[in-house]
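The residues making up each chain are set out below.
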Amino acid sequence: MSNSVEANHSAKVEGAINSMSEEKKEDILSSFEGFKSYLGDKVSKGEKLGMDEEQLAKTAQKVADYLAKHEEPRNREENLLHELWKVGDKEQQHHLAHMLVRLVQ
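Computed from a predicted structure; not experimentally measured.

Undergrad: Mind showing me how you'd approach helix 3 (residues 32-48) here?
TA: An α-helical turn contains 3.6 residues, so a residue and the one three or four places further along point in the same direction. Over its 17 residues, helix 3 runs 24 Å from end to end, which matches the ideal 24 Å to within 8%, given 1.5 Å per residue. Check the buried side of helix 3 and you find it contacts helix 2 (22-29), helix 4 (53-70), helix 5 (76-87) and helix 6 (90-104). Phi turns positive one or two residues past the end of helix 3, at Gly50, with a value near 95 degrees.

What follows is the structure, encoded as structure tokens:
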């Protein structure tokens, strides 16, 4: 993705998350199974739109970046992901995003 396309994509991801109600966020993030189900649904929709694994991972990376900066982990699994995200560099975070996509496929 070019920088302008990637910036637009990031803005769309952040806008979608910001427009979500607090109740909806809590439903998704209150349990790891709920988070995996939500992410799996979004990955499935992305695949139907023709997104490849790299595009899905980049989107997952944007979501994870947002969550790491704006949301507190609500369970042990999210806390582990949050800690791994914080200690990883951008390349490691990208690999973790790929693994999250594969986890929910």
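Now that the structure has been shown, we can carry on.
Undergrad: So what exactly am I meant to see when it comes to the nonpolar core here?
TA: For soluble globular proteins, the rule of thumb is that nonpolar side chains tend to be buried together. Counting residues in hydrophobic clusters, the biggest one holds 22 residues, and the most contacted among them are Phe35, Leu39, Val43 and Leu81. Mapped onto this core, the elements with two or more residues apiece are helix 1 (3-18), helix 2, helix 3, helix 4, helix 5 and helix 6. Looking at this core, the element that brings in the most residues is helix 4, giving six residues. Residues in contact with Leu39, not counting those within four places in the same chain, are Leu100 and Val104.

Undergrad: Would you take a moment to explain the pattern of salt bridges for this structure?
TA: Two side chains that carry opposite charge are able to pair once their charged atoms sit near each other. For the coordinates displayed, the defined rule picks out nine salt bridges. With a shortest N-O distance of 3.4 Å, Lys36 and Glu33 are connected by a salt bridge. Here Glu33 and Lys36 lie together in helix 3, a separation of three residues that amounts to about one turn. We note a salt bridge from Asp65 to Lys90, for which the minimum N-O separation is 3.5 Å. Taken together, the positions of Asp65 in helix 4 and Lys90 in helix 6 put the pair 25 residues apart, joining distant regions of the chain. Classification of Lys90 by relative accessible area gives exposed; the value is 54%. Each of Glu22, Lys25, Glu26, Glu71 and Arg74 takes part in one network of salt bridges that share partners.

Undergrad: Explain a nonpolar patch on the surface here, please?
TA: On the surface, a cluster of nonpolar side chains totalling about 300 Å² of accessible area is made up of Leu80, Leu84 and Val87. For Leu84, the position within the fold is in helix 5. A relative accessible area of 41% places Leu84 in the partly exposed class.

Quick notes on the rules
Residues numbered from 1 in each chain as written. Predicted model: local features only at pLDDT ≥ 70, side-chain atom pairs only at ≥ 80, totals over all residues. Heavy atoms only, no water. Helix = DSSP H or I, 4+ residues; strand = E, 2+ residues; numbered from the N terminus. Expected span 1.5 Å × (residues − 1). Contact = heavy atoms within 4.5 Å. Core = buried A, V, L, I, M, F, W, Y, C linked by side-chain atoms within 4.5 Å. Buried < 20%, exposed > 50% of the residue type's maximum accessible area, 1.4 Å probe, protein only. Salt bridge = Lys/Arg side-chain N within 4 Å of Asp/Glu carboxyl O. Patch = residues over 30% accessible without salt bridge, like charges linked within 9 Å, V, L, I, M, F, W, Y side chains within 5 Å. Areas by Shrake-Rupley, 256 points an atom, 1.4 Å probe, with all protein chains shown as cover.

The quantities given are spatial measurements derived from coordinates; they are silent on function.
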